[in-house]
Amino acid sequence: MQNPQDIYKDAAAVPAPEVQAEQAADQDDALNTLTNEIEALKAQNADLAEQFLRAKADVENMRRRTDEEMSKARKFAVESFAESLLPVTDSLEAGLAIQEATLEQIREGAEATLKQLQAALARNKVLPIAPAAGEKFDPHQHQAISMVPAEQEANTVVSVLQKGYVIADRVLRPALVTVAAPR
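Not measured: the values here are computed from a predicted model.

(A) Layout of the pattern of salt bridges. For the structure shown, the criterion picks out 5 salt bridges. For Arg63, the salt bridge identified is with Asp67, shortest N-O distance 2.7 Å. Separated by 4 residues within a single helix, Arg63 and Asp67 lie in helix H2 (residues 17-75), roughly one turn from each other. For Glu111, the salt bridge identified is with Arg107, shortest N-O distance 3.3 Å. You can see Glu111 and its partner Arg107 sitting in helix H4 (residues 103-123), 4 residues apart, about one turn around the helix. Among the residues examined, Glu111 registers a relative accessible area of 39% and is labelled partly exposed. On the basis of relative accessible area, Arg107 is assigned to the exposed category, the value being 58%. Bridged by salt links that share partners, the residues Glu60, Arg63 and Asp67 form one connected network.

(B) Fine view of the environment of Gln116. Within the secondary structure, Gln116 is located in helix H4. Gln116 sits 75 residues away from Leu41 along the chain, and the two C-alpha atoms are 72 Å apart. In this view, Gln116 contacts Pro87, Val88 and Ser91; residues no more than four positions away in its chain are not counted.

(C) Quick look at the side chain of His142. Following the sequence through the fold, His142 ends up in strand S2 (residues 142-148). The contact partners of His142, leaving out residues within four places of it in the chain, are Ile129, Pro131, Glu135, Lys136, Phe137, Val157, Pro174, Ala175 and Val177.

(D) Expanded view of unusual backbone geometry. Backbone geometry at Asn155 places phi at a positive 60 degrees, although glycine is not the residue there. Looking at where Asn155 falls in the secondary structure, it is placed in the loop between S2 and strand S3 (157-162). Residue class for Asn155 comes out partly exposed when judged on its relative accessible area of 37%. Even without glycine at this site, Ala168 takes up a positive phi of about 50 degrees. Its place among the elements puts Ala168 in the loop between strand S4 (164-167) and strand S5 (170-173).

The rules behind the values
- Residues numbered from 1 in each chain as written.
- Predicted model: local features only at pLDDT ≥ 70, side-chain atom pairs only at ≥ 80, totals over all residues.
- Heavy atoms only, no water.
- Salt bridge = Lys/Arg side-chain N within 4 Å of Asp/Glu carboxyl O.
- Helix = DSSP H or I, 4+ residues; strand = E, 2+ residues; numbered from the N terminus.
- Buried < 20%, exposed > 50% of the residue type's maximum accessible area, 1.4 Å probe, protein only.
- Contact = heavy atoms within 4.5 Å.

Right under this line is the structure:
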């Protein structure tokens with residue numbers, strides 16, 4: 001036979017029907033809430049995936065446009081320089097077209113053409129490096145061909161064999177110089 005206290009314990013362990021209904025309703029509410037959250041997260045995930053794909057496409061388009069612009073810039077980089085040399089070419093052709101030119105006319109034409117060429121180079125920031133005698137030797141702009149005994153201070157320019165050129169502070173060709181040897 002069962003103890004009457006055990007019967008009461010078993011009866012207390014089983015919830016009343018209204019409690020069971022309330023627990024079931026709470027579980028349904030929790031399930032609905034979780035389902036709604038899952039749907040919201042799925043929608044947010046789809047939105048983020050779409051944003052990612054759009055951003056990726058934008059970056060790819062920007063990269064392609066940048067590549068095209070760089071290609072055009074490389075292709076036409078010398079256009080301005082070439083345009084400034086065209087008058088020099090015209091002058092040389094006009095001078096060569098004269099069949100019976102005197103030595104004086106040839107010299108005048110060559111000097112005028114040289115001035116045009118120097119002006120074109122200067123417009124395009126190509127400037128000469130022409131150190132004066134006695135100027136300190138600069139290995140960044142000068143190339144010493146030889147050292148010669150001289151009355152001036154050591155490591156100074158004695159003579160310039162060939163002018164050098166810079167473009168926007170970058171040496172295109174160093175000036176070829178002879179340098180005074182130490183005494």
